[in-house]
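Residue-level structural notes
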Amino acid sequence: MNHYSIGLEGRDRVNHAIGSGLPEKSLVLIEGQTGAGKSVIISRFVYGLCEEETAVTAVSTEGAASRYVDQMHSLSYDIVEHLLAGRLRYFHAPVDSDRPLLAPLFRPGGLWVNDVLAVDGFGRLCRNDPTFGATLGSGEEDRAMERVVSRLDQPLAAGKLAILTVDPATLTEQALRPLRGAADVHLELHSETIGQEIRKKALVRRFAGMARPVDDTIGFSVQQGRGIVIESRTIA
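Residues numbered from 1 in each chain as written. Predicted model: local features only at pLDDT ≥ 70, side-chain atom pairs only at ≥ 80, totals over all residues. Heavy atoms only, no water.

Among the residues making up helix α10 (residues 173-182), those that are buried are A175, L176, P178 and L179. Taken around the axis of α10, the buried residues stretch over an arc of 160 degrees, which confines them to a single face. The exposed residues of α10 that point more than 90 degrees off its buried face are R177 and G181. Against β3 (27-32), α6 (122-128), α7 (130-133), α8 (141-150) and β7 (161-166) lie the buried residues of α10. (Buried < 20%, exposed > 50% of the residue type's maximum accessible area, 1.4 Å probe, protein only. Helix = DSSP H or I, 4+ residues; strand = E, 2+ residues; numbered from the N terminus. Arc of directions from axis to C-beta. Contact = heavy atoms within 4.5 Å.)

A few words on the nonpolar core. Ranked by size, the top nonpolar core spans 42 residues in total, and within it L22, F45 and I163 carry the most contacts. Of the residues forming this core, the biggest block, eight residues, is contributed by helix α2 (residues 38-51). One finds V119, L136, A162 and L179 within the second-largest nonpolar core, a separate group that totals 32 residues. (Core = buried A, V, L, I, M, F, W, Y, C linked by side-chain atoms within 4.5 Å.)

What follows is about the environment of H73. Among the secondary structure elements, H73 is positioned in helix α3 (residues 65-74). Among the residues examined, H73 registers a relative accessible area of 57% and is labelled exposed. Remark: the alpha-carbon pair of H73 and L161, spanning 88 residues in sequence, is separated by 24 Å.

From the geometry alone we can't say anything about function, so treat these as descriptive.
Here it is as structure tokens:
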């Protein structure tokens, strides 16, 4: 099995912490509440992939390209060169409209032209999609999510990699269950404040096809101007 390295070996230990790369043909789910570090983790993955010359399409619900560039720059993830080279494509997905939000993920080509599709705010896309959103609380959201996940099978089978972030507060447990079950890699992020210190950790709920052993728990911090720093690697 081939793996997509997220690089930056001389800068941080993130690639080492995830076993030297993300397996191709995989669905990667990064789950966590607000402030847990989802956006920073997916940003690190996107930047590292680009640095390894992997072509990435990034989709976010958070803002326009200029804001995305600024956010990445604040972490010292300079993506301008990658954008200009076409190695990184960025799309803002506004959730304040009535248009279908999930449909573009299912179209051949389009967002899947590159090797990797990274969607930050997938839960918000689902919740605000007119068709999927209507199923929340109806008892049918598990079947709706199963249909969404099945539409990803074709690009993944072709060797693509999908990385999704989800805040569990945006969806019901019934909707989350099929998504968690389909994920080849499932990282559950947690954050807690102890005194003046904010401690973050990723619980590795599943990691199929790992290149090297991956610990059950990965401690990390987010530092302005440095991005993600692996604090510890402990087995829970």
